[in-house]
Amino acid sequence: MSGAAVEPALRIRGLSFTYPRAAESTLESVSLSVQPGEVLAIVGPNGAGKTTLLRIVQGLLDGYRGEVRVLGLSPGEARRRGLVGSVAQRSGAMLAYPVSGHDVVMMGATVGLPGWRSPAVGVRERVTDALERVDALRYADAPIGTLSGGQLQRILVARALVIEPKLLILDEPTVGIDAAGQERFADLLARLKEHGNLTILLVMHDLRAVASGAASCDRIACLRRSLHFHDTPSGITAQVLADVFEHDLSPIFRGLHIEASGEQPRPPRTDQGSHDAGHDHADGGSCAHH
């Protein structure tokens, strides 16, 4: 007798969103599913709708059409229960604050707590555990302005993990990190995958980082307003990427082991909402192979 079906960590069906007074939708008929413990990388050019998708999944943006379920709940309810942790793109202003890495993680653990109240019993242990989990204890007492890009990223991931989420969202996590740091970040993702049933949603525009392994992802989705591809990284073709990315793709493919079809890539389409004609977009627009 087969067991009961596992509820996806993230399920999106027919998601569309249009900002007020916008001429066209930012997201159109996006459908995808992410299983517990998976790492899904979402790639696409600037303006493709990646940030909008993240905000919806985090429960920060309403007014969409379609269905979005995070761990079986609405995005807002999942957020209120502390089931979603996130690391946003870093800003230079953050580095000016005179705080240590440990302080940054502690702030994540005590968000919403009045300044006059002491942290609850066990919070300091959770902070230490989060820092250990990302291998950042040895520089946690240093001012964040003195940390390298890779070290700071680990501190920020620890801050997101300290609430013990089930879904972790990373927005452009390798920006500002050198090649060696990207390799270490891939190792970090591999460690996180081994610890519990954490699901990771990784949003990037840098295909080199994804293809080189810095994303350490199980599957990949190519987004440009609609979803053009949703499958394993090895299945990405030049034709799919030509539909998603407007710039010259040759530097990206040079030296990378991405499987390309035997057909010549077509030039990018001007209709951003169209899907790749070479794929059967079942379930509302995704090429999902589970």
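In this text, all values refer to a predicted model and were calculated from it rather than measured experimentally.

**Examining the sheet that holds strand S8 (residues 219-224)**
Ordered by their spatial adjacency, 6 strands build an open sheet running S5-S6-S7-S3-S8-S9, and the pairing between neighbours is mixed. At either margin of the open sheet sits one strand with a lone partner, and together these are strand S5 (84-87) and strand S9 (226-231). With strand direction ignored, the average angle separating the axes of adjacent strands in the sheet is 15 degrees. Here 4 bridges tie strand S3 (residues 39-43) to S8, and the two strands are oriented parallel to one another. Residue Leu40 lies in a different strand from S8, and its bridge partner there is Arg219.

**Thoughts on the pattern of salt bridges**
Evaluated as defined, the whole model comprises 9 salt bridges. Put simply, Glu7 and Arg11 hold a salt bridge, and the shortest N to O gap is 3.1 Å. Measuring nitrogen to oxygen at the nearest pair gives 3.1 Å for the salt bridge that ties Glu77 to Arg80. Residue Glu77 and its partner Arg80 are both found in helix H2 (residues 75-80); the two are separated by 3 residues, about one turn of the helix.

**Some details on the nonpolar core**
Within the largest apolar cluster, 41 residues are counted, with the highest numbers of intra-cluster contacts made by Val157, Leu168, Leu170 and Leu192. Elements supplying a minimum of two residues to this core: S3, helix H3 (101-109), helix H4 (123-133), helix H5 (149-161), strand S6 (167-171), helix H6 (179-194), strand S7 (199-204) and S8. The element that contributes the greatest number of residues to this core is H5, accounting for 7 residues. Those residues in contact with Val157 that lie beyond four places of it in its chain are Val87, Val134, Leu168, Leu170, Leu188 and Leu192.

**Concerning H6**
With 16 residues, H6 should cover 22 Å at 1.5 Å per step; its first-to-last C-alpha distance of 23 Å lies within 8% of that length. The complete set of buried residues in H6 reads Gly181, Gln182, Phe185, Ala186, Leu188, Leu189 and Leu192. All buried residues of H6 fall inside an arc of 160 degrees around its axis, so they share one side. Residues of H6 that are exposed and point more than 90 degrees away from the buried face comprise Ala179, Glu183 and Glu194.

**Quick notes on the side chain of Glu172**
In this structure, Glu172 sits in the loop between S6 and H6. Look at Glu172: it is buried, it has no salt bridge, and the nearest opposite charge is Lys50 at 4.6 Å. In contact with Glu172, not counting residues within four places along its chain, are Lys50, Gln89, Gln153, Val203, Met204 and His205.

**Quick word on the confidence of the model for the protein chain**
Regions with low pLDDT carry predicted coordinates that are not meant to be interpreted in detail. Of the residues in the protein chain, 68% have a pLDDT of 70 or more, and the chain-wide mean is 78. Considering each helix and strand of the protein chain separately, the mean pLDDT is smallest for helix H10 (residues 282-285), with a value of 36, and largest for strand S4 (residues 65-70), with 97. For residues 247-290, every residue scores under 50 in pLDDT, and the model assigns this stretch 93 contacts once sequence neighbours within four places are set aside.

**Digging into the sheet that holds strand S1 (residues 10-17)**
The 3 strands are arranged S2-S1-S4 in an open sheet whose pairing can be described as antiparallel. Since the sheet does not close on itself, it has two edges, and those belong to strand S2 (27-34) and S4, each with one partner. Direction aside, the axes of adjacent strands within the sheet are offset by 15 degrees on average. Note that S1 and S4 share 5 bridges and pair antiparallel.

**Notes on the packing of H3 against H5**
Two numbers describe how H3 lies on H5: the axes approach to 7 Å, and their chain directions differ by 25 degrees. In terms of axis orientation, H3 runs roughly parallel to H5. Of the two possible hands of crossing, H3 and H5 adopt the one that is right-handed. For the pair formed by H3 and H5, the contact residues are Gly101, Val104, Val105 and Gly108 on the first element and Ile155, Leu156, Ala158 and Arg159 on the second. Classifying every residue of the contact of H3 with H5 gives 5 nonpolar, 2 polar and 1 charged.

What counts and how
- Residues numbered from 1 in each chain as written.
- Predicted model: local features only at pLDDT ≥ 70, side-chain atom pairs only at ≥ 80, totals over all residues.
- Heavy atoms only, no water.
- Pairing = 2+ DSSP bridges.
- Helix = DSSP H or I, 4+ residues; strand = E, 2+ residues; numbered from the N terminus.
- Axes fitted to C-alpha atoms, helices over the stretch in contact; angles between N-to-C directions.
- Salt bridge = Lys/Arg side-chain N within 4 Å of Asp/Glu carboxyl O.
- Core = buried A, V, L, I, M, F, W, Y, C linked by side-chain atoms within 4.5 Å.
- Buried < 20%, exposed > 50% of the residue type's maximum accessible area, 1.4 Å probe, protein only.
- Contact = heavy atoms within 4.5 Å.
- Expected span 1.5 Å × (residues − 1).
- Arc of directions from axis to C-beta.
- Lys, Arg positive; Asp, Glu negative; His and termini not counted.
- pLDDT = per-residue confidence, 0-100.
- Parallel < 35°, antiparallel > 145°, perpendicular 65-115°, else oblique.
- Left-handed = near helix turned anticlockwise from the far one by under 90°.
- Nonpolar A, V, L, I, M, F, W, Y, C, P; charged D, E, K, R; others polar.

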